[in-house]
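In case you want the letters, here they are:
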Amino acid sequence: MKRIIYIGYYLKQMNWELLNRFMDYAKKKYGYSKFYLWRMMIFNSLKYNISLLEYFQFFFFKKTKKEKQDWAGTGYMY
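Residues numbered from 1 in each chain as written. Predicted model: local features only at pLDDT ≥ 70, side-chain atom pairs only at ≥ 80, totals over all residues. Heavy atoms only, no water.

Things to note about the nonpolar core
Part 1 of the argument: Counting 19 residues, the largest nonpolar core has Leu19, Leu37, Tyr55 and Phe56 as the members making the most contacts within it.
Part 2 of the argument: When contributions to this core are tallied by element, the ones reaching two or more residues are α1 (2-12), α2 (16-30), α3 (34-48) and α4 (54-57).
Part 3 of the argument: Sorting elements by how many residues they give to this core places α3 first, with four residues.
Part 4 of the argument: If we skip the residues at most four places from it in the chain, Leu37 touches Met23, Ala26, Lys27, Tyr32, Tyr55 and Phe56. (Core = buried A, V, L, I, M, F, W, Y, C linked by side-chain atoms within 4.5 Å. Buried < 20%, exposed > 50% of the residue type's maximum accessible area, 1.4 Å probe, protein only. Helix = DSSP H or I, 4+ residues; strand = E, 2+ residues; numbered from the N terminus. Contact = heavy atoms within 4.5 Å.)

Digging into the packing of α1 against α3
Part 1 of the argument: Put simply, α1 and α3 touch, their axes get as near as 9 Å, and they point 130° apart. For the element pair α1 / α3, the angle class is oblique. Of the two elements, α1 crosses α3, and the hand of that crossing is right-handed. Contact residues: Arg3, Ile4, Ile7, Tyr10 and Leu11 in α1; Trp38, Ile42, Ser45, Leu46, Lys47 and Tyr48 in α3.
Part 2 of the argument: Looking at side-chain class alone, the contact of α1 with α3 contains eight nonpolar, one polar and two charged residues. (Axes fitted to C-alpha atoms, helices over the stretch in contact; angles between N-to-C directions. Parallel < 35°, antiparallel > 145°, perpendicular 65-115°, else oblique. Left-handed = near helix turned anticlockwise from the far one by under 90°. Nonpolar A, V, L, I, M, F, W, Y, C, P; charged D, E, K, R; others polar.)

A short note on α3
Part 1 of the argument: End to end, α3 covers 20 Å across 15 residues, agreeing with the expected 21 Å (1.5 Å per residue, within 8%).
Part 2 of the argument: Looking at the buried positions of α3, the neighbouring elements they touch are α1, α2, α4 and α5 (65-69).
Part 3 of the argument: The positive-phi residue at the C-terminal boundary of α3 is Asn49, with phi of around 60°. (Expected span 1.5 Å × (residues − 1).)

The values reported here are purely geometric and, on their own, carry no functional implication.
Below, the structure written as structure tokens:
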């Protein structure tokens, strides 16, 4: 339940301009749709306890499951 609350917090505090730039980059460079990025960003945030922006900052969209488990994101730190 806490992780779902964090999603709300992340959305409230979101730097939307930066998020859009990250999404545009991933879409252009790797061909991911924005729908796919949103879906995976939320899934990874819930599963690995990272913030929504950390999904891009840590390049989670390019990491394996094993690599993702090694990260300690914002949610974990709190």
